[in-house]
Amino acid sequence: MRTRSPRLLLPLLLLALGTAPGCSFRRLAMTGLADSLAGEGPTVFASDDDPELIRDAAPFSLKLIEALLVELPEHRGLLLSACSGFTQYAYAFPQADAELAGNTDYARVEALRTRARRLYTRGRDDCLRALELRHPGVGEALLRAPEDALGWAEPADVPLLYWTGASWGGAIALGLDRPDLVADLPAVRALFARALALDESWGHGAIHAALISLDAVPEAMGGSRARARQHFERAVELSEGASAAPYVSYAVGVALPGGDRAGFERLLEQALAVDPERDPSQRLANAIAQRRARHLLASAGALFAGAPAGGDAP
């Protein structure tokens with residue numbers, strides 16, 4: 001028997017669930033599907049080595065998750081999957097496409113950046129809904145007194161803290177001209193700080209990798225190159241050199257603004273030297289990071305035109 005496409009099967013499944021007799025059976029079936037998507041879905045995508053395949057497949061998966069959330073609005077695993085999914089899609093595709101387009105089409109670049117920012121915000125809102133279910137009032141507390149808002153969090157909350165920070169931080173990075181977004185930066189720092197304190201090794205050093213970019217911002221915004229370097233070194237150590245992302249983040253966040261072209265190129269070459277098969281769970285993340293590294297290397301001449309000499313990269 002020929003296997004049917006998931007694109008055809010899943011809408012039929014939802015239709016069947018919607019017409020199934022008995023509310024309790026319908027909800028039980030939807031909950032089972034939601035649990036499956038929240039559990040296995042992210043793993044399947046993360047281990048893929050074909051970004052273009054994921055570009056085509058992810059929107060369908062995300063809309064399916066949103067459809068289920070209409071019926072199961074308090075499913076925390078599904079909310080986390082939506083948040084992480086929208087965040088990763090925004091970074092891997094519209095934001096990356098804007099960077100790859102360079103200065104060739106200003107209108108297209110701005111449209112892509114705007115779309116990425118909206119997707120980050122969409123993901124952040126899902127994460128905040130999950131946080132509110134976990135601890136009512138935390139959203140307001142993060143805005144009012146972020147340093148005191150997360151003392152209740154436990155190690156099991158680290159994925160939620162991380163993805164809330166990543167989605168929120170992504171929106172801020174693409175909205176630096178919007179004071180309403182930039183004002184939320186302390187909340188993002190608090191989310192990552194709490195996640196780091198609870199489990200710094202989570203995600204093979206993913207929290208440290210995210211903090212490279214956060215601490216690479218100007219000191220006036222709370223950044224510190226010294227801290228960024230510490231996070232870089234720890235991210236590489238915890239990933240055992242199997243992640244390309246820390247090298248790219250440090251190259252863009254520290255070496256590039258510091259005018260260190262030699263360090264910039266060396267870091268990107270190290271990113272490209274990472275073997276994607278060393279850690280299958282990071283295949284997709286490495287494919288995306290290495291695609292970005294190749295583009296940045298090819299653009300180094302233009303990026304460093306007229307830049308002063310520097311030398312801060314490891």
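Quick notes on the rules
Residues numbered from 1 in each chain as written. Predicted model: local features only at pLDDT ≥ 70, side-chain atom pairs only at ≥ 80, totals over all residues. Heavy atoms only, no water. Disulfide = S-S within 2.5 Å. Helix = DSSP H or I, 4+ residues; strand = E, 2+ residues; numbered from the N terminus. Buried < 20%, exposed > 50% of the residue type's maximum accessible area, 1.4 Å probe, protein only. Core = buried A, V, L, I, M, F, W, Y, C linked by side-chain atoms within 4.5 Å. Contact = heavy atoms within 4.5 Å. Phe/Tyr/Trp six-rings, centres within 6.5 Å; stacked < 30°, edge-to-face > 60°. Axes fitted to C-alpha atoms, helices over the stretch in contact; angles between N-to-C directions. Parallel < 35°, antiparallel > 145°, perpendicular 65-115°, else oblique. Nonpolar A, V, L, I, M, F, W, Y, C, P; charged D, E, K, R; others polar. Salt bridge = Lys/Arg side-chain N within 4 Å of Asp/Glu carboxyl O. Lys, Arg positive; Asp, Glu negative; His and termini not counted. pLDDT = per-residue confidence, 0-100. Left-handed = near helix turned anticlockwise from the far one by under 90°. Polar contact = N/O pair within 3.5 Å; in protein donor to acceptor, adjacent residues only side chain to side chain.

This part covers the state of the cysteines. A disulfide bridge is the covalent bond that connects two cysteines by way of their sulfur atoms. Summed over all chains, the structure comprises one disulfide. Disulfide partner of Cys83: Cys127, at an S-S distance of 2.2 Å. Sign of the S-S torsion, about -95° for the bond between Cys83 and Cys127, identifies this disulfide as left-handed. Here the residue Cys83 occupies a position in helix α4 (residues 76-101), and Cys127 occupies one in helix α5 (residues 106-134), the gap between them amounting to 44 residues. Exposure remark for Cys83: the relative accessible area of 0% places this residue in the buried category.

So, about unusual backbone geometry. In this structure, His204 is a non-glycine residue whose phi angle is positive, near 55°. Within the chain, Glu240 stands out as a residue other than glycine whose phi angle is a positive 55°. Following the sequence through the fold, Glu240 ends up in the loop between α11 (225-239) and α12 (245-255).

Ranked by size, the top nonpolar core spans 58 residues in total, and within it Leu131, Leu142, Leu150, Trp168 and Phe192 carry the most contacts. Setting aside residues no more than four positions away along its own chain, Leu142 makes contact with Leu128, Leu131, Ala149, Leu150, Trp168, Ala187, Ala190 and Leu191. Listed in part, the 22 residues of the second largest apolar core include Phe232, Ala251, Leu267 and Phe304.

Given two aromatic rings, one states the distance between the centres and the angle between the planes to describe the pair. Counting across every chain of the model gives seven aromatic pairs. Summarising the aromatic geometry, the rings of Tyr89 and Phe93 are spaced 5.0 Å apart at their centres and angled 55° between planes, so their arrangement reads as tilted. In this pair, Tyr89 and Phe93 are both assigned in helix α4, four residues apart and thus about one turn of the helix distant. Both residues of the pair, Tyr89 and Phe93, belong to the buried class. Geometrically, the ring pair formed by Phe232 and Tyr247 is edge-to-face, given 5.6 Å between the ring centres and 75° between the ring planes. Placement of Phe232 in helix α11 and of Tyr247 in helix α12 is noted, with a sequence separation of 15 residues between them. The exposure classification of Phe232 matches that of Tyr247, with both residues buried.

Once that is clear, we can look at the packing of helix α3 (residues 51-71) against helix α14 (residues 283-298). Where α3 meets α14, the axes come as close as 10 Å, and the angle between the chain directions of the two elements is 115°. Relative to α14, the element α3 is oriented roughly perpendicular. Contacts from Pro51, Glu52, Ile54 and Arg55 of α3 reach α14 at Leu284, Ala287, Ile288 and Arg291. Residue classes in the contact of α3 with α14 are distributed as five nonpolar, no polar and three charged.

Glancing now at the pattern of salt bridges. What the rule picks out here adds up to 19 salt bridges. Arg134 serves as the salt-bridge partner of Asp157, at 2.8 Å between the closest nitrogen and oxygen. Taken together, the residues span a long stretch of sequence, with Asp157 in the loop between α6 (138-144) and α7 (158-173) and Arg134 in helix α5 at a distance of 23 residues. Classification of Asp157 by relative accessible area gives buried; the value is 7%. Taking relative accessible area as the criterion, Arg134 reaches 25% and is therefore assigned partly exposed.

Position of Arg117 among the secondary structure elements: in helix α5. The side chain of Arg117 is buried and forms no salt bridge, while Asp177, the nearest opposite charge, is found at 5.5 Å. Those residues in contact with Arg117 that lie beyond four places of it in its chain are Ala171, Leu174, Gly175, Arg178 and Leu181.

When pLDDT is averaged along the protein chain, the result is 88, and 86% of the positions lie at 70 or above. When the criterion is pLDDT under 50, residues 1-9 qualifies, and its contacts beyond four places in sequence or with other chains add up to six contacts.

So, on to the environment of Tyr91. Among the secondary structure elements, Tyr91 is positioned in helix α4. A C-alpha to C-alpha distance of 9.2 Å links Tyr91 and Leu119, two positions 28 residues apart in sequence. Discounting residues that sit within four places of it in the chain, Tyr91 has contacts with Ala96, Tyr120, Ile288 and Arg292.

Turning to the packing of α4 against α5, a few remarks are in order. To describe two helices that pack against each other, one gives the angle between their axes and the distance between the axes. Between α4 and α5, the shortest axis-to-axis distance is 8 Å and the interhelical angle comes to 165°. Here α4 is positioned roughly antiparallel relative to α5, judged by the angle of their axes. Between α4 and α5 lies a crossing whose hand is left-handed. Its residues placed into classes, the contact of α4 with α5 shows 19 nonpolar, three polar and 10 charged.

Bringing the side chain of Glu66 into the picture now. Along the chain, the position of Glu66 falls in helix α3. Engagement of the side chain of Glu66 in a polar contact is seen with the side chain of Lys63, the distance being 2.8 Å. Other than its neighbours up to four places away in sequence, Glu66 contacts Phe86 and Arg122.

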